[in-house]
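Structural overview for review
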Amino acid sequence: MKSILPKHNCEKIYGSGRKCKVLLCVFLITLSCCGCAGRGAARNSPIQSVDTGMGTIIRQTIYADGQTQIAEEVLQNITDLEHQYLSRRLADSELYQVNELAGQADGIVLSERLTNILERCMEVSEASDGAFDITIGETVRLWDIDARSSMENVSDYEKPGAEALSESLKYSGYDKLILQDNTLFLPAKMQLDLGAVGKGIALDCVGEYLEAQEVTGAVISVGGSILTYGQKPDGSSWKVGVINPHDTSQNLGYLSLKGQWCVSTSGDYERFVEVDGVRYHHIIDPATGYPADSGVSSVTILTQDGFLSDALSTACFILGSEKGCELAERFGASALFVDREGNITMTAGMEKYFN
Ligand code: AMP
Ligand code: MG
């Protein structure tokens, strides 16, 4: 049995071990309440930073009485989380090593953290009838949208052929994944991809870190996943903008939140490649192997659980608004959908917060 050693844990959410300190940020959703003005430290004025991590932008606004190191520690913890556990590309990460061992007959021994993450992913896969499925790593790799979408010149991009896609789907399927305690049986050629939940997991870790510090309030975004924490010095609500997917320079409105919340958005404008006027985005429908085509342009999920917010935003994007609303509510989350025509649909829970 192969064992892959864990190094780093979030105590409350992902089991015991060294405390995960932080992470966070913004991307598809913008925080209309906070600008980015370098790092400051005066009393009642926030520490602010903008960095990159987890392949996206990380924005922090933290009220912590001048403890300027906090933003750096948050960033470090997000980076550690990615490097030690979640990255599909970095050879030192546990996920990378797990993927290398696909087909290992006697199983792969996982860290407590990765075991917990995979258990939660499988729960969302079952509840979404396989719309959310981390086993489609090989199909995601064939499309290569994450890497290509950040490049200015994609004139040489060739979308994968139908045969290659259907071949890759043969190696996927969450129901073929067996997890016995902390031993994973990963079928040969199956590749796991945690891109749909990494940013949400980071928010959970950051939330734990902030709790352990003398932080009175914070808003931290990691790409399209945003954490609000505590309160602003003036007691007013955090305002989290919901981007208009059809004009990303504008917000459609904002969520008015007090205390600790996680808001994740999945959208077809986040990562995509355009070929001959056709947009190929990064959220793949496991039923077809092609970018999901449910009529939705973006989905925003609101919950107090970062993992769930991120997993559900991806799942709901694929399911569309009707099934997606049901799925979100089954997990006690609120959802807001924007369709291709710009119509907004939301759960009753979301109406209380959306302006
Ligand atoms: P998000 O932006 O949170 O919706 O996550 C999208 C990312 O999740 C993609 O870039 C892929 O890495 C991965 N992914 C794509 N399709 C799926 C899917 N059906 N289930 C799980 N992960 C997916
Ligand atoms: Mg997601």
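Please refer to the structure higher up on the page.
Below is a summary of the structure that appears in this document. In this text, all values refer to a predicted model and were calculated from it rather than measured experimentally.

**Overview of the overall build of the protein**
- Across its full length, the protein holds 11 helices and 16 strands.
- Taking all 355 residues of the protein together, 55% fall into the buried category.
- Sequence separation of at least 24 residues holds for 65% of the intrachain contacts in the protein that already meet a minimum separation of 6.
- When the accessible area of the protein is evaluated, it comes to approximately 14,800 Å², of which 45% is carbon and sulfur surface.

**Details of the packing of helix H4 (residues 112–127) against helix H9 (residues 306–319)**
- The N-to-C vectors of H4 and H9 enclose an angle of 40°; their axes lie 11 Å apart at closest approach. Where H4 crosses over H9, the handedness of that crossing is right-handed. Judged by residue contacts, Ile117, Arg120, Cys121 and Val124 of H4 engage Phe307, Leu308, Ala311, Leu312 and Ala315 from H9.
- Tallied by class, the residues present in the contact of H4 with H9 amount to eight nonpolar, no polar and one charged.

**Describing the coordination of the magnesium ion (ligand 2)**
- Binding of the magnesium ion (ligand 2) to the protein goes through Ala196 (O), Asp310 (O), Asp310 (OD) and Thr314 (OG1), at separations of 2.1 to 2.5 Å.
- Sequence spacing of the donor residues for the magnesium ion (ligand 2), all on one chain, is A-x113-D-x3-T. Placement of alanine 196 in the loop between strand S6 (183–185) and helix H8 (198–212) and of threonine 314 in helix H9 is noted, with a sequence separation of 118 residues between them. Accessibility assignment for this pair places alanine 196 and threonine 314 in one class, buried.

**Details of the site of ligand 1**
- Around ligand 1, the surrounding shell holds 18 residues, and the nearest of these are Ala131, Asp133, Ser266, Ile284 and Thr314.
- Aspartate 133 is positioned such that a nitrogen or oxygen atom in its backbone is 2.9 Å from a nitrogen atom of ligand 1.
- A distance of 3.0 Å is found between an oxygen atom of ligand 1 and a side-chain nitrogen or oxygen belonging to aspartate 146.
- At three residues, H9 tops the list of elements feeding residues into the shell around ligand 1.
- Looking at the shell around ligand 1 residue by residue, the class counts come to nine nonpolar, four polar and five charged.

**Focus on the pattern of salt bridges**
- Taken as a whole, this structure holds nine salt bridges when the rule is applied.
- Between arginine 88 and aspartate 193 there is a salt bridge, with its nearest N and O atoms 3.0 Å apart. Remark: aspartate 193 occurs in the loop between S6 and H8 and arginine 88 occurs in the loop between helix H2 (69–86) and helix H3 (94–100); sequence separation between them is 105 residues.
- What makes aspartate 193 buried here is its relative accessible area of 13%.
- Notably, a salt bridge pairs aspartate 146 with arginine 271, separated by 3.9 Å at the nearest N-O pair. Of this pair, aspartate 146 sits in helix H6 (residues 145–149) while arginine 271 is found in the loop between strand S11 (261–267) and strand S12 (272–275), placing the two residues 125 residues apart along the sequence.
- Judged by relative accessible area, which is 27%, aspartate 146 ranks as partly exposed.

**Topic: the nonpolar core**
- Counting 71 residues, the largest nonpolar core has Leu192 and Leu194 as the members making the most contacts within it.
- Sequence-distant contacts of leucine 192, defined by excluding residues within four places in its chain, comprise Arg88, Leu95, Val98, Asn99, Leu118, Ile134, Thr135, Leu177, Leu184 and Leu186.
- By size, the runner-up hydrophobic cluster in this structure holds 15 residues, among which are Val263, Leu336, Met350 and Phe354.

What counts as what
Residues numbered from 1 in each chain as written. Chains lettered and ligands numbered in written order. Predicted model: local features only at pLDDT ≥ 70, side-chain atom pairs only at ≥ 80, totals over all residues. Heavy atoms only, no water. Helix = DSSP H or I, 4+ residues; strand = E, 2+ residues; numbered from the N terminus. Buried < 20%, exposed > 50% of the residue type's maximum accessible area, 1.4 Å probe, protein only. Contact = heavy atoms within 4.5 Å. Areas by Shrake-Rupley, 256 points an atom, 1.4 Å probe, with all protein chains shown as cover. Axes fitted to C-alpha atoms, helices over the stretch in contact; angles between N-to-C directions. Left-handed = near helix turned anticlockwise from the far one by under 90°. Nonpolar A, V, L, I, M, F, W, Y, C, P; charged D, E, K, R; others polar. Donors = N, O, S within 2.8 Å, 3.2 Å for Na, K, Ca; no water. Near = heavy atom within 4 Å. Polar contact = N/O pair within 3.5 Å; in protein donor to acceptor, adjacent residues only side chain to side chain. Salt bridge = Lys/Arg side-chain N within 4 Å of Asp/Glu carboxyl O. Core = buried A, V, L, I, M, F, W, Y, C linked by side-chain atoms within 4.5 Å.

Any functional reading would require information that these geometric values do not contain.
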